[in-house]
Amino acid sequence: MMGPSLLARHKSFTSLVFPFTSDFVMENLGRMGVTLFLFVIGVKMDLGLLKRSGKKHLYIALASVFGPLLIVSIVAVLTRESMDEELARVSSIGEIALSLSVTTFPVHYTILEELNLLCSEVGNMALSIALISDAIGINFMVVFEAMKQGDGSAQSIIWYSISCVVMAAFTPVIRRAMVWIIEQTQEGEAVDQFYVIAILLGSFVAAFVTDMFGLGIANGSFWLGLMMPGGRPLGSTLVQKSETIITEVFMPCSFVFMGLSTDFYAMKEAGWSALRPLFGLVISGYLSKFFCTMLAAKVVGVSWRDSLAVSLILSLRGYVELVLYVHWVDRNVIGLPGYSLMILGTIVVVGILTPLISILYDPSRPYMLKQRRTIQHTAQGDHLRILVCIRDKTNLPSLVNLFQLFHPTVQNPFSLHAFYLVQLIGRANPVFVEHQNQELEDLSGRFPDLEIIHHALKQYQERREECVKLHLFSTATVKSTMYQDVCKLALISKAVFIILPLEKKLDGEMETTEQWGGESGSIITQILDNAPCSVGLLIEKAERWQLPQIASYNFIVLFLGGPDSREALAFSDRMSGNPCVSLTVVRFLASNAEGDDEMQRKLDDGVMTSFWVKNEANERVNYREVVIRNEADTASAIVGMAAEKYYHMWIVGRKQGINPSLLEGLSTWSDHKEEMGILGDYLSFSESVNSDSVMVVQKQVLKGKGPNFFTPPGSIVSFMRRGRLFW
């Protein structure tokens with residue numbers, strides 16, 4: 001819009017916004033953006049993904065590259081007579097056909113990251129295919145560049161080939177230098193700033209050298225990035241130090257430079273007859289890429305929906321293609337009208353396909369179930385399957401103590417799936433590892449606390465080997481898609497409860513911003529919204545409470561009604577059999593049943609009756625009721641309970657089905673109610689409530705159903721619904 005296609009057509013706008021020297025500044029900042037962006041993408045790329053790619057990925061990649069390449073070449077041969085001299089060259093046709101056929105990894109990594117599809121099945125497949133396609137494309141691009149050099153003289157081809165060999169020969173030397181830098185870095189420390197600056201400046205040197213040798217300015221920095229050892233400490237440091245300024249400063253300059261060079265009026269002046277051959281190549285390339293990819297995916301056994309999603313993703317164009325169009329203008333492959341046509345085609349394709357992908361493929365769709373996976377609906381004697389997410393080794397003491405308090409026995413066994421989550425920095429492809437199948441030593445670089453976590457959980461499991469099964473998993477992924485890994489593992493492991501540990505900091509804030517991503521868009525909120533089972537937030541208020549130091553624990557359940565409160569009661573019921581636990585259940589009732597949902601109240605009555613019948617003879621279980629008459633009663637009742645007795649853990653439901661009148665006195669106090677609910681937030685942050693920890697429980701939300709859906713036949717609630725049981 002700012003270019004000659006619209007605003008820049010007015011001289012007053014151009015003289016005011018873009019003075020004479022601005023083009024020079026913008027172009028060079030844009031080229032710097034290209035150089036650094038491709039360098040960082042090279043650092044993130046893991047060529048080991050090529051080895052881990054399956055045959056399906058290879059077959060789809062081959063079909064998606066060579067199918068369009070063949071079709072575009074045929075169209076080019078048929079329309080070659082109508083092309084101008086530069087476009088009609090074999091090298092020019094080859095470069096254009098290849099760019100329309102090859103899927104570039106840098107583009108599709110950023111697209112999948114934006115769409116939160118990196119950890120999805122479709123995302124993993126698209127990344128593998130893109131990397132294979134890129135490997136094919138790089139080799140062909142070298143051939144066509146050599147042919148382009150040969151249009152001048154045979155001597156140019158020789159020098160071009162020598163340059164490629166020299167660059168390849170320096171690869172081991174540079175790689176060894178990077179390994180030496182890592183060896184100079186102390187374990188757990190960041191790479192020295194001098195080395196970081198030297199490497200970033202080296203990306204400009206590499207770009208200059210490859211441009212001087214005729215290999216293209218973009219290739220040097222990208223190849224240098226590929227030589228960097230990814231992950232900790234070097235790769236992650238390079239990405240952390242440079243990614244923000246690249247994406248926020250240099251990249252916008254690159255896009256502005258490309259936009260200022262685009263002139264749609266030049267297309268009109270050139271006429272349809274001049275643009276028709278190039279337009280034919282572009283349309284045939286886009287369509288053949290889409291259909292070849294989709295059919296190849298379907299042939300190798302991918303579902304129609306996933307095949308369509310993969311083909312749409314791999315048909316997208318992006319930043320690398322835009323850089324390539326600028327390169328073609330420099331090489332006289334296309335002129336300004338052709339360049340503007342290619343830019344327009346990219347805008348149209350991205351504008352149409354991106355929303356289609358979002359509509360067609362919802363990554364959270366597989367996680368929402370229609371059958372119950374809750375503690376309440378897990379029968380006594382069945383394995384209680386729990387998935388605990390660990391972000392840091394400091395979570396271990398409180399988690400291990402909590403597992404012990406669950407009091408697993410041979411009659412009530414316990415299945416624990418521990419999931420260690422690490423933020424992915426310095427690598428592009430996510431990693432998911434099941435540690436029963438891989439040695440810990442091989443993963444120490446990616447998962448720094450893994451050995452400590454494994455040994456702590458293993459020691460707990462060995463003490464109760466007859467009634468506890470332990471499964472350890474790890475993942476390295478970006479925060480935006482971390483919830484997908486959690487939900488996927490919960491689905492596969494058939495977990496009925498996910499535990500997310502949090503910690504109250506000394507300044508009164510939670511560590512959600514640093515570890516779990518913040519407030520409304522945090523990993524916690526995404527897990528709560530998409531989990532295929534119930535979820536518990538374990539908030540640590542005090543120093544780590546240690547089981548051997550205390551003979552007995554006092555737990556309290558605040559039952560305000562609704563599905564979440566019923567699941568919180570089921571959670572506490574699992575610990576009532578532990579001789580070290582004393583449990584107090586307090587039910588809050590609104591005066592005159594004001595604001596109550598009749599169905600919810602009936603369900604609450606039935607569950608509470610069942611709980612009391614089971615624990616009536618248990619002297620360590622106490623029950624009482626509190627009637628709330630005004631908005632201040634709830635807070636004052638909680639403060640009174642806290643003053644009356646020290647409770648090590650407060651257990652509450654998050655928010656589903658709670659009578660709003662019971663929370664009126666607390667609603668204005670809450671700051672983190674999106675994640676923990678109003679009551680959970682109050683208990684976690686109030687100085688009047690002293691405790692070691694707070695457990696906030698959310699019952700599973702069924703797909704397409706409300707919280708009242710489905711009660712197991714024969715349960716106490718179903719009898720109550722038929723009027724056979726009264727409270």
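Everything numeric here is computed off the predicted structure, so don't read it as measured data. (Residues numbered from 1 in each chain as written. Predicted model: local features only at pLDDT ≥ 70, side-chain atom pairs only at ≥ 80, totals over all residues. Heavy atoms only, no water.)

Some thoughts on the overall build of the chain
The cut-off we apply is this: Strands here are runs of E lasting at least two residues and helices are runs of H or I lasting at least four, both read from the DSSP assignment and numbered beginning at the N terminus. When a residue's accessible area, from a 1.4 Å probe over protein chains only, is under 20% of the maximum for its type it is buried; when over 50% it is exposed; and in between it is partly exposed. Between two residues, a contact is recorded if the distance between any of their heavy atoms is within 4.5 Å. Under the convention used here, a 1.4 Å probe and the Shrake-Rupley method define accessible areas, while residue burial counts only the protein chains that appear.
A tally of regular secondary structure across the chain gives 26 helices and eleven strands. A burial count over the chain gives 55% of its 727 residues as buried. Within the chain, counting contacts between residues at least 6 apart in sequence, those at least 24 apart form 81% of the total. In the form shown here, the chain has an accessible surface area of approximately 31700 Å², with 59% of it arising from carbon and sulfur atoms.

Things to note about the confidence of the model for the chain
Note the following rule: Known as pLDDT, the predictor's per-residue confidence is scaled from 0 to 100.
With 83% of its residues at a pLDDT of 70 or more, the chain has an overall mean of 80. This model gives residues 510-514 a pLDDT under 50, and the stretch forms 22 contacts once residues within four places in sequence are excluded. Every residue in residues 706-727 scores below 50 in pLDDT, and together they form 45 contacts with partners more than four places removed in sequence or on other chains.

Some thoughts on the packing of aromatic side chains
To keep things clear, this is the line we draw: A pair of Phe, Tyr and Trp rings is counted when the ring centres sit within 6.5 Å of each other, with Trp represented by its six-membered ring. The angle between the planes then sorts it: under 30 degrees is stacked, over 60 is edge-to-face, the rest tilted. To sit over a ring, a charge needs its Lys NZ or Arg CZ within 6 Å of the ring centre and within 35 degrees of the ring normal.
Under the defined criterion, the tally for this structure stands at 13 aromatic pairs. Measuring from centroid to centroid gives 5.4 Å for Trp-272 and Phe-279, while their planes differ by 65°, and the two rings are edge-to-face. Ring geometry for Tyr-647 and Trp-650: centres 5.6 Å apart, planes at 80°, overall edge-to-face. The structure contains a cluster of three or more aromatic residues connected by ring pairs, namely Phe-37, Phe-255 and Tyr-319. It is Arg-9 that lies over the ring of Tyr-265; its NZ or CZ is 3.6 Å from the centre.

Quick look at the packing of helix H17 (residues 396-405) against helix H18 (residues 450-463)
Our working definition: To obtain each axis, a line is fitted to C-alpha atoms, and for helices this fit is confined to the stretch in contact; angles are then taken between N-to-C directions over 0 to 180 degrees. Here is the rule for angles: anything less than 35 degrees is roughly parallel, anything more than 145 is roughly antiparallel, 65 through 115 is roughly perpendicular, and the remaining ranges are oblique. Helix crossings get a hand from a simple test, with the near helix turned counterclockwise from the far one by less than a right angle marking a left-handed crossing and a clockwise turn marking a right-handed one. Residues are grouped as follows: nonpolar covers Ala, Val, Leu, Ile, Met, Phe, Trp, Tyr, Cys and Pro; charged covers Asp, Glu, Lys and Arg; every other residue, Gly included, is treated as polar.
Two elements in contact, H17 and H18, have axes separated by 11 Å at closest approach and are oriented at 20°. What the angle tells us is that H17 and H18 run roughly parallel. The way H17 lies across H18 gives a crossing that is right-handed. Residues Leu-396, Val-400, Phe-403 and Gln-404 of H17 touch H18, and the partners they reach there are Ile-452, Ile-453, Ala-456, Leu-457, Tyr-460 and Arg-463. In terms of residue class, the contact of H17 with H18 is made up of eight nonpolar, one polar and one charged.

Some details on unusual backbone geometry
Of note, Lys-494 is a non-glycine position whose phi angle comes to about 60°, a positive value. Relative to the elements of secondary structure, Lys-494 occurs in the loop between helix H19 (482-492) and strand E5 (497-503). Exposure remark for Lys-494: the relative accessible area of 52% places this residue in the exposed category.

Examining the side chain of Asp-604
The condition is simple: Here a polar contact means two N or O atoms within 3.5 Å. Within protein one must be a hydrogen donor candidate and the other an acceptor candidate, and residues neighboring in sequence count only if both atoms are side-chain atoms.
Here Asp-604 lies in helix H23 (residues 598-615). Of note is the side chain of Asp-604, whose polar atom sits 3.2 Å from the backbone nitrogen of Gly-562. Within the structure, the side chain of Asp-604 is placed 2.7 Å from the side chain of Arg-566, a separation counted as a polar contact. For Asp-604, the residues in contact, after removing those within four places along its chain, are Phe-559, Gly-561, Gly-562, Arg-566 and Arg-587.

A look at the state of the cysteines
What counts is decided by this rule: In this description, the term disulfide denotes a pair of cysteine sulfurs within 2.5 Å.
Enumeration over the complete set of coordinates arrives at zero disulfides. The structure places no disulfide on Cys-533, whose sulfur is separated from the nearest cysteine sulfur, that of Cys-487, by 8.0 Å.

What about the packing of helix H14 (residues 304-314) against helix H16 (residues 336-360)?
Each pair of packed helices can be summarised by the angle the axes make with each other and by the distance between the axes. At a minimum axis distance of 10 Å, the contact between H14 and H16 shows a crossing angle of 155°. Between H14 and H16, the crossing angle belongs to the class labelled roughly antiparallel. The handedness of the crossing between H14 and H16 comes out as left-handed. The segment H14 lies against H16, with Arg-305, Leu-308, Ala-309, Leu-312 and Ile-313 engaging Leu-353, Leu-356, Ile-357 and Leu-360. Looking at side-chain class alone, the contact of H14 with H16 contains eight nonpolar, no polar and one charged residues.

Notes on helix H15 (residues 319-330)
Note the cut-off: Expected helix span is computed as 1.5 Å times (number of residues minus one).
In a regular helix each residue adds 1.5 Å, so twelve residues correspond to 16 Å; H15 covers 17 Å between its end C-alpha atoms and thus fits that length. Of all twelve residues in H15, nine are buried, a share of seventy percent or more. All of the buried residues in H15 are Tyr-319, Glu-321, Leu-322, Val-323, Leu-324, Tyr-325, Val-326, His-327 and Trp-328. Phi turns positive one or two residues past the end of H15, at Asn-332, with a value near 65°.

Details of the pairing of strand E8 (residues 581-590)
The side chains of a regular strand alternate between the sheet's two faces. The following threshold applies: Two strands are counted as paired when DSSP detects at least two bridges linking them. Look down the strands so they point away from you; if going from the first strand over the helix to the second traces a clockwise path, that crossover is right-handed.
Taken across its ten residues, E8 has nine buried, putting it largely inside the fold. Pairing between strand E7 (residues 553-559) and E8: seven bridges, direction parallel. From the neighbouring strand, Phe-559 faces E8, where its bridge partner is Arg-587. In this structure, E8 lies alongside strand E9 (residues 621-628), joined through eight bridges in parallel fashion. Across the sheet, Val-585 pairs through a bridge with Tyr-623, a residue of E9. One crossover worth recording links E8 to the parallel E9 by way of H23, and it is right-handed.

Observations concerning the pattern of salt bridges
Side chains that differ in sign of charge can pair as their charged atoms come close. Put simply, the test is: What makes a salt bridge here is a side-chain nitrogen of Lys or Arg within 4 Å of a carboxyl oxygen of Asp or Glu, nothing more.
For the coordinates displayed, the defined rule picks out ten salt bridges. Connected via shared salt-bridge partners are Glu-27, Arg-31 and Asp-330.

Side note on the side chain of Ser-311
With respect to the secondary-structure elements, Ser-311 resides in helix H14. For Ser-311, a relative accessible area of 0% gives the class buried. At 2.7 Å, the side chain of Ser-311 forms a polar contact with the backbone oxygen of Leu-308. Dropping the residues within four chain positions of it, Ser-311 is found in contact with Phe-290, Thr-293 and Met-294.

Details of the nonpolar core
The following threshold applies: For our purposes a nonpolar core is just a set of buried Ala, Val, Leu, Ile, Met, Phe, Trp, Tyr and Cys residues, chained together by side-chain atoms within 4.5 Å.
Within the largest apolar cluster, 156 residues are counted, with the highest numbers of intra-cluster contacts made by Leu-457, Phe-571 and Ile-651. If near-sequence neighbours (up to four positions away) are discounted, Phe-571 is found in contact with Ile-375, Leu-402, Phe-406, Phe-497, Met-649, Ile-651 and Met-695. In this structure, Cys-389, Phe-473, Ile-498 and Leu-558 belong to the second largest nonpolar core, which totals 53 residues.

So, the pairing of strand E10 (residues 649-653)
Counting buried residues along E10, five of its five residues qualify, which places the element largely inside the surrounding structure. With four bridges joining them, E7 and E10 adopt parallel strand pairing. Its bridge partner being in E10, Leu-558 is matched across the sheet by Val-652. Here E10 runs beside strand E11 (residues 693-698); their pairing, made up of five bridges, is parallel. When the sheet's bridge partners are listed, Gly-653 is paired in E11 with Val-697.

Quick word on the environment of Gly-220
Relative to the assigned elements, Gly-220 resides in helix H10 (residues 217-227). Residues Gly-220 and Ala-207, 13 residues apart in the sequence, show an inter-C-alpha distance of 4.3 Å. Apart from residues no more than four positions distant in its own chain, Gly-220 is found in contact with Ala-206, Ala-207 and Thr-210.

Regarding a nonpolar patch on the surface
The test is simple: Patch definition: residues with relative accessible area over 30% and no salt bridge; like charges joined within 9 Å; nonpolar side chains (Val, Leu, Ile, Met, Phe, Trp, Tyr) joined within 5 Å.
Together, Ile-158, Trp-159, Ile-162, Val-166, Phe-170, Val-173, Phe-208, Met-212 and Phe-213 make up a nonpolar patch on the protein surface, roughly 910 Å² of accessible area in all. Counting residues per element, the nonpolar patch draws most heavily on helix H8 (residues 154-183), which supplies six residues. Position of Phe-213 relative to the elements: it lies in the loop between helix H9 (193-212) and H10. Judged by its relative accessible area of 30%, Phe-213 falls in the partly exposed class.

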